[in-house]
Amino acid sequence: MARLLITGGAGFIGSHTCVVLLEAGHNLLVLDNFSNSSPVALERLKSILNLNDRDSASRLQVFQGDVRDIDLLEKIFEKSELQSSPIEAVIHFAGLKAVEESVHDPLGYWDVNVSGSRTLLEVMDKHDCKTLVFSSSATLYGYPDIVPIPESAPINPINPYGASKAAVEMMLADVAGCLKDRGIKQASTTGWRIARLRYFNPVGAHPSGCIGEDPNGVPNNLFPYVSQVAIGRRGTLQVFGSDWPTSDGTGIRDYIHVMDLAEGHKCALDALVGSGPQLLTLNLGSGVGSSVLEVIRAFETASGREVPYKIVERRPGDAAITVADPTLAYKCLGWRTRRGLNEICRDGWAWQFANPNGYKGEVA
Ligand code: NAD
Ligand code: UFG
């Protein structure tokens, strides 16, 4: 069992991945500045896993701070070495992820996402920790020509958030010594083991209802908006366009249950640790597309609540359909999604119902 550093471990995907990694017996150091998350999420992990105070002190250590803070990163790596339990691998979730915000603050996105990753890599290299799982995104593909989208599809970011992820992917290829970055699975000439995981649309929650997605302010994304309408926090969902070239005219996405995604990280880590230096590049998606109207119907069934909606203009920058070709993740990791739209809505609703205001109002 390894000691792992999880940057952004208090966030939506990070907290669910922590559950899976702790269940697998790993010991975790979480670094998070809580700019888009709450320490309460980490407290909830302890109750999901029945960790007592003694267990949690050794199995889940939390560092509040910024991934761009090189001194703090040094301290975390040095402390682990002094305890004769060096950090063996890093899962790097910390970053900014709101597309529209990135248009207004491109430098902020390059700073946190790109400079933050660079700083982390520098400290990892110095401490000879060369195993990294990186949160990339399907947003890299922009408006895809081929659906389902294979990893070999052109990288064509259409906003600063996507550009920052593309830049980090390139930086990782350089660090791995893969100068002709041909994607998928390549040997690394520098000793690094890196997985670039391109997530499709992560949604849902842990089935306990204890942790879930808790966006600040008005949600930008479909799922949290739908569930806040169902719980009564918001009045009507706006459906962005009913004239897309799809079966019912609304946009189609590949929604992936966050627990499937969390398990994908464990599989990627196991694959890296179990084989030689390499650069893996994989889509994490289900391969199944759901339209906005299908999501609304499934959520109404799961919640027993009505989700009032109205059709409005298309949202600028949206694509009609994005669905993953997940074949390679299965080939390389033996991983595929196990939960569908009904489980996504059931677990997402359990979280929203038990926590109508998310983590807000609760002190860790
Ligand atoms: P999130 O915002 O819930 O989690 C990110 C975490 O990083 C938060 O806890 C936040 O407080 C922390 N953080 C942000 N800036 C930091 C900094 N400078 N230093 C330390 N911590 C910092 O987001 P998420 O949905 O869990 O996404 C995790 C990763 O996956 C992100 O890199 C995101 O870009 C990527 N991703 C997310 C999606 C999605 O739709 N959720 C899709 C594709 C890729
Ligand atoms: N939608 C609505 N109403 C809303 C919100 C969304 O109709 O209030 C529609 C969108 O038009 C789209 C679908 O619901 O057809 C999904 O939209 P989301 O905003 O939930 O997700 P996106 O696919 O646009 O983007 C998300 C993240 C990106 C990430 C991408 C792929 O916001 O950062 O998934 O992982 F890159």
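That block above? That's the structure.
Keep in mind that this is a model prediction, so the values were computed, not measured.

Peer 1: Can you walk me through the nonpolar core in this structure?
Peer 2: Side chains of nonpolar character tend, in soluble globular proteins, to be buried together. In this structure, L4, I6, L28, L45, L197 and L284 are the most contacted members of the largest nonpolar core, which totals 45 residues. Ranked by size, the runner-up nonpolar core spans 30 residues in total, among them F77, L120, C129 and A176.

Peer 1: Explanation requested: the site of ligand 1 in the structure shown.
Peer 2: If you check the shell around ligand 1, you find 28 residues, and the closest are I13, D32, N36, S37 and Y161. Separating an oxygen atom of ligand 1 from a side-chain N or O atom of S37 is a distance of 2.7 Å. Residue K97 places a side-chain N or O atom 2.8 Å away from an oxygen atom belonging to ligand 1. If ligand 1 stood free it would expose 810 Å²; the protein chains cover 95% of that surface. Secondary structure elements with two or more residues in the shell around ligand 1: α1 (12-23), β5 (131-137) and α7 (160-175). The biggest single contributor to the shell around ligand 1 is β5, with three residues. Grouping the amino acids of the shell around ligand 1 by side-chain chemistry returns 12 nonpolar, 11 polar and five charged.

Peer 1: Hey, could you run me through the pairing of β5 in this one?
Peer 2: Two faces make up the sheet, and in a regular strand the side chains alternate between them. Counting buried residues along β5, seven of its seven residues qualify, which places the element largely inside the surrounding structure. Burial of the side chains of β5 extends over both faces: T131, V133, S135 and S137 are buried on one face and L132, F134 and S136 on the other. Across three bridges, strand β4 (residues 89-92) lies against β5 in parallel orientation. Each bridged residue has a counterpart across the sheet, and for I91 the counterpart in β5 is V133.

Peer 1: For this particular structure, what's the right way to read the environment of R3?
Peer 2: Take R3: it is sitting in strand β1 (residues 3-7). If we skip the residues at most four places from it in the chain, R3 touches N27, L29, Q61, S80, Q83, S85, P86, I87, E88 and A89. Among the polar contacts listed, one links the side chain of R3 to the side chain of S80, at a separation of 3.1 Å.

Peer 1: Explanation requested: unusual backbone geometry in the structure shown.
Peer 2: Residues V147 and P148 are joined by a peptide bond in cis, for which omega reads -5°. Even without being glycine, D128 reaches a positive phi, approximately 55°. Here D128 shows up in the loop between α6 (106-126) and β5.

Peer 1: When you look at the sheet that holds β4 in this model, what are you seeing that I'm missing?
Peer 2: Hydrogen bonds between backbone groups are what pair the strands of a sheet, and the pairing can be parallel or antiparallel. Taken in spatial order, the eight strands line up as β3-β2-β1-β4-β5-β7-β12-β6 in an open sheet, and their pairing is mixed. Each end of this open sheet is capped by a strand with a single partner; those strands are β3 (60-64) and β6 (185-187). Pairwise comparison of adjacent strand axes, ignoring direction, gives a mean angle of 15° for this sheet.

Peer 1: It is not clear to me how the site of ligand 2 should be interpreted in this structure. Could you clarify?
Peer 2: Taken together, 21 residues sit near ligand 2, with F200, Q238, R253, R315 and D318 positioned nearest. A distance of 2.8 Å separates an oxygen atom of ligand 2 from a polar backbone atom of L222. The greatest single-element share of the shell around ligand 2, amounting to four residues, is contributed by strand β9 (residues 237-240).

Peer 1: What is the right way to look at the pattern of salt bridges in this model?
Peer 2: Scanning all chains against the criterion turns up 17 salt bridges. One salt bridge connects R339 with E263, and the closest N-O pair in it is separated by 3.0 Å. Here R339, found in the loop between α11 (327-333) and α12 (341-354), pairs with E263, found in helix α9 (residues 258-273); they are 76 residues apart in sequence, far enough to count as distant. Here the salt bridges do not stand alone but share partners, grouping D260, E263, R338 and R339 into one network.

Peer 1: Help me understand the sheet that holds strand β13 (residues 290-291), please; the structure alone is not making it clear to me.
Peer 2: The three strands lie next to each other as β13-β10-β15, forming an open sheet whose pairing is mixed. In this open sheet, the two strands that pair with only one neighbour each are β13 and β15 (321-322). In the sheet, strand β10 (residues 252-253) pairs with β15 via two bridges, with the strands oriented parallel. Considered in β15, the bridge of I252 is made with I321.

Rules of the game
Residues numbered from 1 in each chain as written. Chains lettered and ligands numbered in written order. Predicted model: local features only at pLDDT ≥ 70, side-chain atom pairs only at ≥ 80, totals over all residues. Heavy atoms only, no water. Core = buried A, V, L, I, M, F, W, Y, C linked by side-chain atoms within 4.5 Å. Buried < 20%, exposed > 50% of the residue type's maximum accessible area, 1.4 Å probe, protein only. Near = heavy atom within 4 Å. Polar contact = N/O pair within 3.5 Å; in protein donor to acceptor, adjacent residues only side chain to side chain. Areas by Shrake-Rupley, 256 points an atom, 1.4 Å probe, with all protein chains shown as cover. Helix = DSSP H or I, 4+ residues; strand = E, 2+ residues; numbered from the N terminus. Nonpolar A, V, L, I, M, F, W, Y, C, P; charged D, E, K, R; others polar. Pairing = 2+ DSSP bridges. Contact = heavy atoms within 4.5 Å. Axes fitted to C-alpha atoms, helices over the stretch in contact; angles between N-to-C directions. Salt bridge = Lys/Arg side-chain N within 4 Å of Asp/Glu carboxyl O.

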